[in-house]
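Examination of the molecular architecture
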Amino acid sequence: MNELLTAAQMRAIEQTAIESGEVTGLDLMERAGRGVVEALFEEWPDLAKAPHRAVVLCGPGNNGGDGFVVARLLKEWGWEVEVFLYGDPAKLPPDAKVNYERWRALGAVKQLTDSAIDGYGEDNPDCMLAIDAIFGTGLSRPFLDLGRVRAEVSLWQAASNTGGMPRVVAVDMPSGICSDSGRYLGLDSENPFDMSVTANLTVSFHSEKLGHRLAEGSVGCGKLVVKDIGLEDGPAVPGDVAGLVERASLGDLGKPAQTHKYSHGHALILSGGAGRTGAARLAARGAVRIGAGLVTLGVPGSARMEVASQITALMLRRVEDAAGLAQVLEDARINALCLGPGMGLTRAQDLAAMALSAGRAVVLDADALSAFEDEPAALFALLHDKCVLTPHAGEFARLFPDIAAKLNAPATKGPAYSKVDATRAAAERAGCAVLFKGPDTVIAAPDGRCSVSSAHYERAAPWLATAGAGDVLAGYITGLLARGFEPMQAVETAAWLHVECARGFGPGLIAEDLPDTLPKVLHGLGVT
């Protein structure tokens, strides 16, 4: 599935299936447990070849029930299994209670108390596997509220990194992470991984959850595997649950035959002055590589010779001030603009009103965002539905300080305020599409549509953390807008391709490599 679900949406899907009679809660729990065992044997085939020893930590909800199923299945496989329960077995949900009793027929259940697993990994070096089935997607209170149990679970997990227990598998979500936001609940630390449970492998069901892709979730999960448990596609989302979020996908990039360059749009990228044109040139190269028919750099007179000596496929026009921009925009074939990369704050602010009043598609990046730090409302008054804002975290905080403060506040309970919530709120306020950058890039439209372009797991691209990469992304978006893509589709497609270019090039990437890797990426996708 392409959807990234909240915990409430996943519960709604399961409940709909149960109420329809197509499946029971016990069926789903059994399938989930089998999916975990199947996934761990796929990840570590050596574990399937001979019995080993495992410890299973179960929680007080249905995630704990999944854990009891895993324990039983491993026991039936011939493993030696030790099970701990956090909570009162009498208060387990009905399906979890059934699986608790099924396990009890095979082995004991120890209480997960303050010191039950203190030093467990070091004391049991032959334990090859640890299953975290404590909370999964069900955690809503701060992990710190669990006191020493949380601390002991952290110590237990830490043993996995020192050879005590080398393989840690989380069921649905590592305990302590909010499944809606990817944030560790109750932790106010610059390095939450020093204080929290992380996994080598996380096995989820039916569809990925938002927390798998946002904030710290991807690091806490280790490797993510999603197992089918027989639920129908197309989630039923109740009216009181936030709308669906999807993973960013690729739009149709093909060009029809028998067309000319103006059929694919004319983008105008505005640059800064002498010595500050590199960012705009990167953006322009991105725009022309992604298929804009023409791309023109608008530069002040002081930078004309500098730019002219650096470009070939791009065109050049002098744009000194707002009047000069108005003159250039008399050409109605210019249908997309990009302001910000390397422009300087004063120039960006001076040209923004004219650019935005022209009614063309406009990408505002970098300096065009920071220029309005003292009066973001003045910028919002100029924006329209053909605009795209592309802030990183610092720029986002300058334009939306109250939203950023809410996002950056410690997560005290679940579901915690997420980057999805923040980006949706920003897009609604700005009245246009917003791309909130990061490894967990979130894209939102003012009507609430939202997607995540995640550079995690199989799409990890750490090389994108390099100067100028964001300028190329702004150029990709501008080029697609010039080609006629609507803003949300342009941003999703550009963000997806941005990551693919980084992955295609690999280590050693610099920003200039991104546009030049794009043809190979497009060819690999079969784009014609």
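So, here is what we can say about the structure in this document. Only a predicted model underlies this, so the values are computations on that prediction, with no experimental measurement involved.

Conventions we followed
- Residues numbered from 1 in each chain as written.
- Predicted model: local features only at pLDDT ≥ 70, side-chain atom pairs only at ≥ 80, totals over all residues.
- Heavy atoms only, no water.
- Pairing = 2+ DSSP bridges.
- Helix = DSSP H or I, 4+ residues; strand = E, 2+ residues; numbered from the N terminus.
- Axes fitted to C-alpha atoms, helices over the stretch in contact; angles between N-to-C directions.
- Expected span 1.5 Å × (residues − 1).
- Buried < 20%, exposed > 50% of the residue type's maximum accessible area, 1.4 Å probe, protein only.
- Salt bridge = Lys/Arg side-chain N within 4 Å of Asp/Glu carboxyl O.

**Description of the sheet that holds strand 4 (residues 109-111)**
On the basis of which strands lie adjacent, the open sheet formed by seven strands has the order 4-3-2-5-6-7-8 and parallel pairing. Each edge of the open sheet carries a strand with a single partner, namely strand 4 and strand 8 (223-227). Taken pair by pair, the neighbouring strands of this sheet meet at an average axis angle of 25°, ignoring direction.

**Section: helix 19 (residues 469-482)**
Given a rise of 1.5 Å per residue, 14 residues ought to cover 20 Å, and the 20 Å separating the end C-alpha atoms of helix 19 matches this to within 8%. Buried residues dominate helix 19, accounting for 13 of its 14 residues. Positioned one or two residues after helix 19, G484 has a phi angle of 105°, which is positive.

**Considering the pattern of salt bridges**
Scanning the entire structure with this criterion turns up 27 salt bridges. The salt bridge involving R318 is made with E320; its shortest N-O contact spans 3.0 Å. On the basis of relative accessibility, which here comes to 46%, the residue R318 falls in the partly exposed class. A salt bridge links R459 to E500; its shortest N-O distance comes to 2.9 Å. Placement of the pair is R459 in the loop between strand 18 (450-454) and helix 19 and E500 in helix 20 (residues 487-505), with a sequence separation of 41 residues. There is no split in this pair, since R459 and E500 are both buried. Through salt bridges that share partners, R53, E80, E82, K110 and D126 make up one connected network.

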